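# Architecture and fold: a report
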Amino acid sequence: PKYVYRFAEGDMGQKDLLGGKGANLAEMAKIGLPVPPGFTITTEACRAYMRDGEVPPELRVEVTMALREIEDTLGRRLGDFHDPLLVSVRSGAKFSMPGMMETVLNVGLNDASVKGLAEFSGDDRFAWDSYRRLIQMFGKTVLDIDGDLFARALDDKKSAVGASTDVDLSADDLQDLVTTFKGIVQDATGREFPQHPREQLEMAIAAVFGSWNTERARLYRRRERISNDLGTAVNVMTMVFGNLGETSGTGVAFTRDPSTGHSGLYGDYLSNAQGEDVVAGIRNTLPLADLEQLDPTSYGELLQAMRRLETHYRDLCDIEFTIERGKLWMLQTRVGKRTAAAAFRVATQLVDENLITMDEAISRITGAQLSQLLFPQFDGDAAKELLTTAMAASPGAAVGEIVLDNAQALERTQAGASVILVRRETNPDDLQGMIVASGVLTARGGKTSHAAVVARGMGTTAVVGAEEIDVDVEAKEVRVAGRVLHPGDVIALDGTTGEVFLGDVPVVDSPVMRYVSDGLEAGLAACEDDAMRELLQAVDRVMRHADAVRRMRVRANADNADDARRARARGAEGIGLCRTEHQFLGDRRVHIEHVVLAEGDEERLAALETLLPLQREDFVELLEAMDGLPTTIRLIDPPLHEFLPDLTELAVKVALANADGGADARDVRLLAAVQRMHEQNPMLGLRGVRLGLKIPGLFALQIRAIAEATVRLREAGKDPRPEIMVPLVGSVRELQIIREEALGILAEVGAAAGTELDLPIGCMIELPRAALTARRIAEEADFFSFGTNDLTQTTWGFSRDDVEGAFFADYLENGVLTISPFETLDADGVGALVSSAVTGGRSTKPDLHMGVCGEHGGDPESIHFFHDAGLDYVSCSPFRVPIARLEAGRAAA
Ligand code: ADP
Ligand code: MG
Ligand code: MG
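Residues numbered from 1 in each chain as written. Chains lettered and ligands numbered in written order. Predicted model: local features only at pLDDT ≥ 70, side-chain atom pairs only at ≥ 80, totals over all residues. Heavy atoms only, no water.

### Looking at the coordination of the magnesium ion (ligand 2)
For the magnesium ion (ligand 2), every protein donor is listed as Glu 320 (OE) and Gln 332 (OE1), and the spread of their distances is 2.1 to 2.2 Å. Of this pair, Glu 320 sits in strand E9 (residues 317-324) while Gln 332 is found in strand E10 (residues 327-335), placing the two residues 12 residues apart along the sequence. Owing to a relative accessible area of 11%, Gln 332 belongs among the buried residues under this scheme. (Donors = N, O, S within 2.8 Å, 3.2 Å for Na, K, Ca; no water. Helix = DSSP H or I, 4+ residues; strand = E, 2+ residues; numbered from the N terminus. Buried < 20%, exposed > 50% of the residue type's maximum accessible area, 1.4 Å probe, protein only.)

### Quick notes on the coordination of the magnesium ion (ligand 3)
Those protein atoms acting as donors to the magnesium ion (ligand 3) are Glu 766 (OE) and Asp 790 (OD), and they sit at 2.0 to 2.1 Å. Of this pair, Glu 766 sits in the loop between strand E28 (761-765) and helix H30 (768-772) while Asp 790 sits in helix H32 (residues 788-796), and the two are 24 residues apart along the sequence. Here Glu 766 and Asp 790 have matching classes, each one buried.

### Description of the pairing of E28
Burial analysis of E28 places five of its five residues in the buried class, the great majority of the element. You can see the chain leave strand E27 (residues 721-726), run along helix H29 (residues 732-753) and come back into E28, and the turn it takes is right-handed. In this sheet, strand E29 (residues 783-787) lies alongside E28 in parallel orientation, the contact comprising three bridges. Residue Ile 765 lies in a different strand from E29, and its bridge partner there is Phe 786. (Right-handed = clockwise from strand over helix to strand, strands pointing away. Pairing = 2+ DSSP bridges.)

### Quick word on the nonpolar core
Across soluble globular proteins, nonpolar side chains show a tendency to be buried alongside one another. In terms of nonpolar packing, the biggest core is built from 98 residues, with Leu 640, Val 726, Phe 784 and Phe 786 touching the most fellow members. A total of 11 residues in this core trace back to one element, the largest contributor, which is helix H28 (residues 698-715). With sequence-adjacent residues up to four places away left out, Phe 786 is seen in contact with Ile 765, Val 834, Ala 837, Val 838, Met 850, Gly 851, Val 852, Cys 853 and Leu 871. Of all hydrophobic cores here, the second largest spans 61 residues; its members include Leu 105, Ile 135, Leu 177 and Val 234. (Core = buried A, V, L, I, M, F, W, Y, C linked by side-chain atoms within 4.5 Å. Contact = heavy atoms within 4.5 Å.)

### Re the sheet that holds strand E2 (residues 38-41)
The strand order E1-E2-E5-E3-E4 describes an open sheet built from five strands, whose pairing is antiparallel. Only two strands of the sheet have a single neighbouring strand rather than two, namely strand E1 (4-6) and strand E4 (103-107). Across the sheet, the axes of successive neighbouring strands diverge by a mean angle of 20°, strand direction being ignored. Across three bridges, E1 lies against E2 in antiparallel orientation. Bridging across to E2, Val 4 finds its partner in Ile 41. (Axes fitted to C-alpha atoms, helices over the stretch in contact; angles between N-to-C directions.)

### Quick notes on the site of ligand 1
Of all residues adjacent to ligand 1, which total 14 residues, the nearest are Lys 21, Ser 88, Arg 90, Glu 320 and Gln 332. Lys 21 is positioned with one of its side-chain polar atoms (N or O) 2.8 Å from an oxygen atom of ligand 1. Val 240 is positioned with one of its backbone polar atoms (N or O) 3.1 Å from a nitrogen atom of ligand 1. Notes on ligand 1: free accessible area 540 Å², of which the protein chains cover 81%. Those elements that place two or more of their residues in the shell around ligand 1 are strand E3 (87-93), E4, strand E5 (232-238), helix H10 (275-280) and E10. Considering only residue class, the shell around ligand 1 consists of five nonpolar, five polar and four charged. (Near = heavy atom within 4 Å. Polar contact = N/O pair within 3.5 Å; in protein donor to acceptor, adjacent residues only side chain to side chain. Areas by Shrake-Rupley, 256 points an atom, 1.4 Å probe, with all protein chains shown as cover. Nonpolar A, V, L, I, M, F, W, Y, C, P; charged D, E, K, R; others polar.)

### Digging into helix H36 (residues 881-892)
The α-helix winds at 3.6 residues per turn, so residues separated by three or four positions along the chain end up facing the same way. The terminal C-alpha atoms of H36, which comprises 12 residues, lie 17 Å apart, in line with the 16 Å expected from a rise of 1.5 Å per residue. The element H36 is largely enclosed, with a buried count of 11 among its 12 residues. (Expected span 1.5 Å × (residues − 1).)

### Quick look at the pairing of strand E25 (residues 575-579)
Of all five residues in E25, four are buried, a share of seventy percent or more. Judged from the two bridges that link them, strand E24 (residues 553-557) and E25 form a sheet pairing that is parallel. Bridged to Ala 556 within E25 is Ile 575. One ladder, built from three bridges, connects E25 with strand E26 (residues 630-634); its direction is parallel. Across the sheet, Cys 578 pairs through a bridge with Ile 633, a residue of E26.

Pasting the structure below:
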C-alpha cells in the first residue's frame, strides 16, 4: 500500500485514510490556499505499526521521497546547519480528539542547525527558544520524560535571572536552558538528546502513532463511541514561524459568527507568537479585526482564504493560520464545532445565502441539539453552593423541596410546591412521585437504571448514582457533604451536568420549549432578545421542513388525556401506545384485588364489571383529546401481582396478626393469592396476551370499554380512532383467539348502538418468535407495533431492570457493547428481527401498517434505522415528539 500522500495528492474525501487534519490540509492545498509544504502518513501505516509493533520498512523509503521533494522545492535541507528546514509532526485522526494526541514542533533542530536558524532569522533568541521548545516537547511526548522536570528547570532559570515571563529570558539564558534540558534527557533516558534530524523525525512519527493508544485516548474514544481500530494519521509539515518579530503572528478564526451564523470576522490574533501560545492563553490576544491595521495585505489574503473555504465547504469553518514576516500560511481548517443554537442559525443562514438547500440544512442539525434547546437552564450568573456531582441521567434544571416518597410528593405538589424526589434508587412503585416531581435524585444506579430511563421518558430532570448522598428514609434525612437535609429543604439539580446544588437557583425557561408546545407566536412572545427570536425563527423553519419531507409519522406514548394533549400540541399525529395498566394504579388497585381474589367466574365478572365504567371514562377522555387521530390502546400487559401488595410485607403482616390473635380473613386470602401468583421470572411469566387467555373477561372488559367509549364519542359527533393492540403475542393462534372475542364484542356493542365498529386490531411484535413468524401473525393483525424494549430483553436475554448494576459497566469497558441496547437499537441483532418481521408481515399484507413504540422510538440513531426498515411511524414520549419529527425528516431528506 501507499503510505505517504503529498498534500497535493489527497482531498477532503479521504478522512479515513488521511485523518481529518490531513484531508483538510490536502483540500486547502488543492484549492490553491497557501499551505506550508508537507505530506501525510496514512492511518493504514498506523494500523500496521500497531499490528507489528514497528513502522513498516516501506514507510521509511516513502518518507525519504516525500521529504526530498520538499527539500528540493524549498532549497533547504532538514536540520541543515545553514537555513535549515524544520518540520512539525502532527497527529490527526478521522474524528477530532481534542487534546488527546501529540504534536511535536521544530523537528530538525540540533546543536548545529540551531546556529543555522539563528543565522537565517538574524535572531539568536528565537533560535535558542525554538530549540529548547523542541527538547521540551520531544522529551515529554516522544521520550516519555516527566514534563515537570523541564517546567521546573525553566522556572529555576527564570528566578535565577530575575525574569518574570518566558519572554524575558535572553538568548544566553535560553542557550543555558538547552544545556540543562539536554542533561535532563541524558539522565532520564541514559542517552544523548537525538541529534540526527532524520532520527528525530522517525521517533516523532512513531510517538504520534503510539499516542493513539494511550489510556486517556482510549477512554475518550469509549465515551465518544469511536472505534479503537481506526488509528491516527501523521502530518509532517514545514515549520513556519509566527514568532519572528512584529511582522509575524498567529491566530485562529471562524469564517462566520458561530452564535448567529452571520458571516464576518471572528477570531483572535497574537503577534510575534507561535500557534500553541494562542491556545495556552499565555498572552492576551487581539480581536482579529485589529490585524487590518497591523498587516493590511495579509489581512486581505486571510479574508479571501476564508471566503474560499466557506464556498468550498459550504459550512462554517474554523482555521489556524500563521503569518511569517508578512506572508500568510494556512495551517489547519475543519468544519467548525458549534453550539446547538448556532447549528440552527448557521444552517438557515447558509440557506439564505444560497449556499445550501433546506434538505442539507436539516442534515446538519441533530435531534440531540434540538433537545438541548428544549430544557430549562440554570441562570449562569446566579451564585450556587455545590453539594455533589453525579451522573447526568436526564437533562434539565429542576429546583424543589426534598421529598422522600410518593405520599410526600403528592401532598407537597398538591399544596403547590415544586419537589425533588430523593431516593436511594427508584422502582415502579415510585412512579407517582416521579410523575409529579420536577426532578429525581438517586444515590444508586447508572444511566440505564429505572430512575434514569423513566425520567428520560417523561422528560423529567434526573441525577442518578450520587454515591456521596446518604438517603435515610427512617430518619427522614438526606446526608451529603457534611450537611443533614430534611424534607422541605430546597435543592437544585442540573440534569445536564449532574450537579446538585443547595437552595434555590434561578431557572430560565426555554422559549424553544414554548415554541414547540404553543407555536411560533407564543415562543416569540417569550423571547427576551433578538438573538433568541432569530433562533426561534430558524428552529421553526427547520421543523417545518422536516415535517414536510419526512415519510414516517410521529406518534406519542401517552396514558392519559393530559399527556395526549401535550403530545398533540407538540405535533404528535396519534398515540402509538396507551398503557392501560397505569389506569389500574392508585385508588383503583382495590378493583384489581377483587378480580384476583374472585372465586369463580361469576364473582370475577362482577369484579370486572365495576372496572368497566372507570375504563370507559378513561378512554372517552383520551379519545376525545386525540379526536381524529389514531390512538393505539394496548390491552393490559404486566403480571397482575404487580398490582397487589408485596409478598414479603404481606406475609410479615399476616404472621404478626396471627401471633396477635388472628389475621384479617381478607389478608389471608390475599396472601394466598399473591403466593399462588408469585413467579421466578415475571418478565417471562403470566403477562400480556397470556393474561387475556388465562383470565376470562379481562381483555373483554377493556375491549368493551373501548367500544363503548367510541360509540359515546361518535354519538357526540366526534371522530374517535382507537386501535386495539394485543401485547406479548408469540403465536398467531393467541392473537386469533383474542381477535375473535374482540370482533364479537365490537359487533355486539356496534349493533346495540346502530353503528359499525370496525376498529383495527393488531399486536405488538416484541418476542423473537413473533418477529420470526410475522408472516403468519399478519394474517390476524391489522397492524404491528414493535415493542423494542421487550424485544431487546428477549433477544439478548437481558433483564433490563437488572443488567445495569450487574455487568453493563464491564460490557462497556471491554467493548462487548458500545452503548446500552436499551438506549439505541441494536441494529445487528434486534434490528435484524425487526427487518425480518417487516418483510414477513408485508409478504402477507403488503399494506400492513407498522410502527414502533418504546424508548427507541425517540432515539435519533434508532429512528434512522426504523426509517430505513420501512416503518410507517415511530412513537415516543410526548417530550421527544419534536426530536423524532426532526430526525424522521433528516432520515428522509
Ligand atoms: P492540535 O490538534 O492540538 O491543534 P496541531 O497539530 O494543530 O495540534 O499543532 C499545535 C499547534 O502548532 C497549532 O497551533 C498549530 O497551528 C501549530 N503548528 C503545527 N504545525 C506547524 C507548522 N508547521 N508551523 C507552525 N505552526 C505549526
Ligand atoms: Mg490544531
Ligand atoms: Mg412490552
